[in-house]
Amino acid sequence: MTISFVHLHLHTEFSIVDSTVRVPQLMEQAAALGMPAVAMTDQSNLFGLVKFYRKAFSNGVKPLIGIDLRVRNPDEDDRPYELVLLCQDIHGYRNLTRLISRMYLEGQHRGAPMVDRSWLDARSTEGLIALSGGIRGDIGRACIGGKPNLAEEHLDHWLGVFSDRFYIEVTRLGRSGEEEYLQKSIRLADERRVPVVATNDVRFIKQDDFEAHEARVCIQDGHMLADAGRPRKYSQQQYLKSAEEMCALFKDIPVAIHNTVEIARRCNLDLTLGESFLPVFPVPDSQTTEEYLRTESAAGLD
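Definitions and limits used
Residues numbered from 1 in each chain as written. Predicted model: local features only at pLDDT ≥ 70, side-chain atom pairs only at ≥ 80, totals over all residues. Heavy atoms only, no water. 1 Å grid on protein atoms, 1.4 Å probe; cavity = no way out; pocket = protein on both sides within 12 Å on 5 of 7 lines; lining within 4 Å. Points joined across faces, edges and corners; volume = space filled by probe spheres on them. Nonpolar A, V, L, I, M, F, W, Y, C, P; charged D, E, K, R; others polar. Helix = DSSP H or I, 4+ residues; strand = E, 2+ residues; numbered from the N terminus. Expected span 1.5 Å × (residues − 1). Buried < 20%, exposed > 50% of the residue type's maximum accessible area, 1.4 Å probe, protein only. Arc of directions from axis to C-beta. Salt bridge = Lys/Arg side-chain N within 4 Å of Asp/Glu carboxyl O. Phe/Tyr/Trp six-rings, centres within 6.5 Å; stacked < 30°, edge-to-face > 60°. Pairing = 2+ DSSP bridges. Axes fitted to C-alpha atoms, helices over the stretch in contact; angles between N-to-C directions. Contact = heavy atoms within 4.5 Å. Core = buried A, V, L, I, M, F, W, Y, C linked by side-chain atoms within 4.5 Å.

### Things to note about empty space enclosed by the protein
1) Next: One pass over the structure, following the stated rule, counts one cavity of 30 Å³ or more.
2) Next: Of the voids in this model, the largest cavity is the one considered here, and its volume is about 40 Å³.
3) Next: Residues belonging to the lining of the largest cavity are distributed by class as follows: one nonpolar, four polar and five charged.

Following this line, the structure appears as structure tokens:
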């Protein structure tokens, strides 16, 4: 039987704060591992989209486009929670670009772009698939915080927004509280008949890259690599694991592996690259676009 798994939560080099994954090497490794698809979910941006999209196809890998969102927590402004969004189609892509633009224009908090939860409704998220963010999502925080009712409230909210496009994300990276969250979230998903999906929250390609990744994070956060007291937000497990490794890791929850492939099948984004698409700007009936631009330019110079 062919073992298949798709990485759906992955930061590339365009997530400057926390990733050393270079797109060409990523695609070479994904192809070498026989992966049918891989997702790019950079932190708050789509800067790497064109490079990622082209490199994926040139290596015979299906590109999945998404973003790792920071969602503002009204109770704790300095602790936003995570939500991963993946484009299901071109409509979802356009909705995602609108959200990103609004996030940078209206959602800046201490230099970090965020979204307000109120911005995410059934209309603004149409065509987008959501992963709950795992232990760093609002459901995850409620689970490990011993607040099962609050976890259900959050789940109800997201189901109201995304319906059958919402998945509870689970990981096994060795983080504190992770296994407690996994058990509670699996139980919640079973009770509410919500699908679960496994990710590896990838930040580097090979396990040996962990030290280089830590150096990058220290530069970003202003810490010394040798500082024993510095925050350690990442683990050696956040590399591009093979399908065999992921299947072994979640052998007790095989559906979480199967759902990665199902999500990849649901996402079909066709983009036209290499062409310019300029907005249609209204001009007076008596003038062409070029004439109106010339008139407005002259008026501005005067």
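There is more to say, and it comes next.
### A word on helix H7 (residues 210–221)
1) Next: Taking 1.5 Å per residue as the helical rise, H7 with its 12 residues ought to reach 16 Å, and the 16 Å between its terminal C-alpha atoms agrees with that figure.
2) Next: Inspection of H7 places Phe210, His213, Glu214, Val217 and Cys218 among the buried residues, and these make up the whole buried set. An end-on view of H7 places all buried positions within 140° of arc, on one side of the element.
3) Next: The positive-phi residue at the C-terminal boundary of H7 is Gly222, with phi of around 75°.

### Overview of the pattern of salt bridges
1) Next: One pass over the full model with this rule turns up 18 salt bridges.
2) Next: Arg203 is the salt-bridge partner of Asp18, the closest N and O atoms lying 2.9 Å from each other. One end of the pair, Asp18, is in the segment before helix H1 (23–32); the other, Arg203, is in the loop between strand S8 (196–198) and H7, with 185 residues separating them in the sequence.
3) Next: Taking relative accessible area as the criterion, Asp18 reaches 4% and is therefore assigned buried.
4) Next: Note that Asp138 and Arg117 form a salt bridge whose closest N and O atoms lie 3.8 Å from each other. Of this pair, Asp138 sits in helix H4 (residues 138–144) while Arg117 sits in the loop between strand S5 (112–113) and strand S6 (128–131), and the two are 21 residues apart along the sequence.
5) Next: Several salt bridges share partner residues, and in doing so they unite Asp18, Arg175, Asp201 and Arg203 into one network.

### Focus on the layout of surface pockets
1) Next: Of the pockets and cavities examined, the largest pocket occupies roughly 760 Å³.
2) Next: Lining the largest pocket are 26 residues, and of these Arg70, Pro80, Glu82, Arg136 and Lys233 lie nearest its centre.
3) Next: Of all the elements in the fold, those that place two or more residues in the lining of the largest pocket are strand S3 (81–87), H4 and H7.
4) Next: Within the lining of the largest pocket, the residues separate by chemical class into eight nonpolar, five polar and 13 charged.

### Focus on the packing of aromatic side chains
1) Next: All told, the structure shown has four aromatic pairs when counted by the stated rule.
2) Next: Measuring from centroid to centroid gives 5.0 Å for Tyr53 and Phe57, while their planes differ by 75°, and the two rings are edge-to-face. Here Tyr53 pairs with Phe57, and both are found in helix H2 (residues 49–58), just four residues apart, close to one helical turn.
3) Next: Here the aromatic rings of Trp158 and Phe162 are separated by 6.1 Å at their centres, their planes lie at 40°, and the arrangement is tilted. Here Trp158 pairs with Phe162, and both are found in helix H5 (residues 148–162), just four residues apart, close to one helical turn. Pair check on accessibility: Trp158 and Phe162 agree, each one buried.

### Details of the sheet that holds S3
1) Next: Read across the open sheet, the six strands follow the order S1-S2-S3-S6-S7-S8; overall the sheet is mixed. The sheet terminates laterally at strand S1 (37–43) and S8, the two strands that pair on one side only. On average, each strand axis in the sheet is tilted by 35° relative to the strand beside it, whichever way the strands run.
2) Next: Direction of pairing for S6 relative to strand S7 (residues 166–170): parallel, over a ladder of two bridges. Paired with Leu131 across the bridge in S7 is Tyr167.
3) Next: Here helix H6 (residues 178–192) sits on the sheet and contacts S7 and S8; the angle it forms with S7, its principal contact strand, is near 155°.
4) Next: Its contacts with the sheet put helix H9 (residues 254–266) on S1, strand S2 (62–71), S3, S6, S7 and S8, and the angle it makes with S8 is roughly 95°.

### Focus on the nonpolar core
1) Next: One finds Leu26, Ile65, Leu83, Leu85, Trp158 and Phe166 to be the most contacted residues of the largest nonpolar core, which totals 63 residues.
2) Next: When residues of this core are assigned to their parent elements, the largest contribution, five residues, is made by H5.
3) Next: With sequence-adjacent residues up to four places away left out, Leu26 is seen in contact with Leu10, Val21, Val38, Phe52, Ile205 and Leu240.
4) Next: Ala37, Tyr167, Ile263 and Cys267 belong to the second-largest nonpolar core, a separate cluster that totals 15 residues.

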